[in-house]
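Structural description and commentary
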Amino acid sequence: MILVVGSTGEGRQLIRSLRQEGYEVATWTDSTYGEQLAREDGATFILTVPLTEGNLAALEGGRQPEAVIDATLPYPGRFSLALEAWCRQNSIPYLRFLRPETELPRDSLIHQVTTWEEAARAAAELGDTIFLTTGTNNLEVFVNNPLFKDKRIVVRVLPEHRVIKKCQDLGLTPRDIIAMQGPFSKEMNKVMFKAYKAGVVVTRDAGPAGGTEAKIAAALALKIPVVLIKRPSIRYLYSVATIEEAILLLKRLIPRK
């Protein structure tokens, strides 16, 4: 059994491709929508709890996977580091799926940072209406930051109850919550940035597949500064950038009988 973690587009493709290759596939997703998609894609076992370090215990006690593919994107965080450590402790191959980084234009409006805290400080200096395209991950770094006391925070998030509830629990009102599923085109981003009078756009480098290029292009067209959180530089024993690479590596690590 191969465990695919994350309900990204690449995660879904991995499930379908692995099934076609004859592998039994389990998946771990943190939403009911992700669970529904995983069933459609052919996953035989689905774990639906938040992707947190504390929930790694949910992998204990049952049938252990032969390998784990971490497709949580756009890039690894604390959960991925903990998942990799768990795999190492249990002698399970850990494959990290990584999207390619975005090729950035040279423009003084693009401000690259490496941490969420840096992003918050930069955004506070650059605009009064902060348009967050980073979902609810680390949303509290912005909402609870005294630097934003007199500023407006607009968030664009997935239209899921759990996600919207977190926004509301942090004090955001419906007028500042955009619940839509992306990725979005350059023109759609421009419409939203203009409609909400964005003073600065905050995004992560989610790679071309994650719509980063379209967000940046839209902001630059409107002369809006962009705070871009870059992917941390981490070395992995097994990292893959395509579905084909993942399948070939698994065939070598876990050959079918």
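Some thoughts on unusual backbone geometry
Here the amide bond leading from Gly-182 into Pro-183 is cis, since omega sits at 0°, within 30 degrees of zero. Its location among the elements puts Pro-183 in the loop between β9 (177-179) and α7 (186-195). We note that Ser-91 has phi near 55°; this positive angle belongs to a residue other than glycine. On the secondary structure map, Ser-91 appears in the loop between α3 (78-89) and β5 (94-97). For Lys-197, which is not glycine, the phi dihedral falls at a positive 50°. By the secondary structure assignment, Lys-197 is in the loop between α7 and β10 (200-204).

Some points on a nonpolar patch on the surface
Taken together, Met-180, Met-188 and Val-191 make up a surface patch of nonpolar side chains, about 240 Å² in accessible area. Looking at where Met-180 falls in the secondary structure, it is placed in the loop between β9 and α7. For Met-180, a relative accessible area of 33% puts it in the partly exposed group.

Observations regarding the sheet that holds β5
One open sheet holds the six strands; their spatial order is β3-β2-β1-β4-β5-β12, and the pairing between them is parallel. What marks the edges here is a single partner per strand, and that holds for β3 (45-48) and β12 (239-240). The pairing of strand β1 (residues 2-5) with strand β2 (residues 25-29) spans four bridges and is parallel. Across the sheet, the residue bridging to Leu-3 is Ala-26, located in β2. Lying on the sheet, helix α1 (residues 9-20) is in contact with β1, β2, β4 (67-70) and β5; it crosses β1 at an angle near 165°. On the sheet, α3 packs against β1, β2, β4 and β5 and is oriented at approximately 155° with respect to β5.

Describing helix α8 (residues 212-221)
Every α-helix carries 3.6 residues per turn, so stepping three or four residues along brings you back to the same face. Counting buried positions over the 10 residues of α8 gives seven, a clear majority of the element. Those residues of α8 lying buried are Thr-212, Ala-214, Lys-215, Ile-216, Ala-218, Ala-219 and Leu-220. Considering only its buried residues, α8 is in contact with β6 (110-113), β8 (152-157), α7, β10 and β11 (226-229). Once α8 ends, the next one or two residues include Lys-223, with phi positive near 60°.

So, the sheet that holds β9
Here we have six strands laid out as an open sheet, ordered β6-β11-β10-β7-β8-β9, and parallel in their pairing. Bordering the open sheet on either side are β6 and β9, each of which pairs with just one other strand. On average, adjacent strands in this sheet sit at an angle of 20° to one another, irrespective of strand direction. As paired strands, strand β7 (residues 129-132) and β8 are joined by four bridges and run parallel to one another. Pairing of Phe-131 across the sheet is with Val-154, part of β8.

With respect to the packing of α7 against α8
Where α7 meets α8, the axes come as close as 8 Å, and the angle between the chain directions of the two elements is 50°. Between α7 and α8, the angle falls in the class oblique. Judged by the sense of rotation from one axis to the other, the crossing of α7 with α8 is right-handed. On the side of α7, the interface is formed by Lys-186, Asn-189, Lys-190 and Phe-193, while α8 contributes Ala-214, Lys-215, Ala-217, Ala-218, Ala-219 and Ala-221.

Criteria and thresholds
- Residues numbered from 1 in each chain as written.
- Predicted model: local features only at pLDDT ≥ 70, side-chain atom pairs only at ≥ 80, totals over all residues.
- Heavy atoms only, no water.
- Helix = DSSP H or I, 4+ residues; strand = E, 2+ residues; numbered from the N terminus.
- Patch = residues over 30% accessible without salt bridge, like charges linked within 9 Å, V, L, I, M, F, W, Y side chains within 5 Å.
- Areas by Shrake-Rupley, 256 points an atom, 1.4 Å probe, with all protein chains shown as cover.
- Salt bridge = Lys/Arg side-chain N within 4 Å of Asp/Glu carboxyl O.
- Buried < 20%, exposed > 50% of the residue type's maximum accessible area, 1.4 Å probe, protein only.
- Pairing = 2+ DSSP bridges.
- Contact = heavy atoms within 4.5 Å.
- Axes fitted to C-alpha atoms, helices over the stretch in contact; angles between N-to-C directions.
- Parallel < 35°, antiparallel > 145°, perpendicular 65-115°, else oblique.
- Left-handed = near helix turned anticlockwise from the far one by under 90°.

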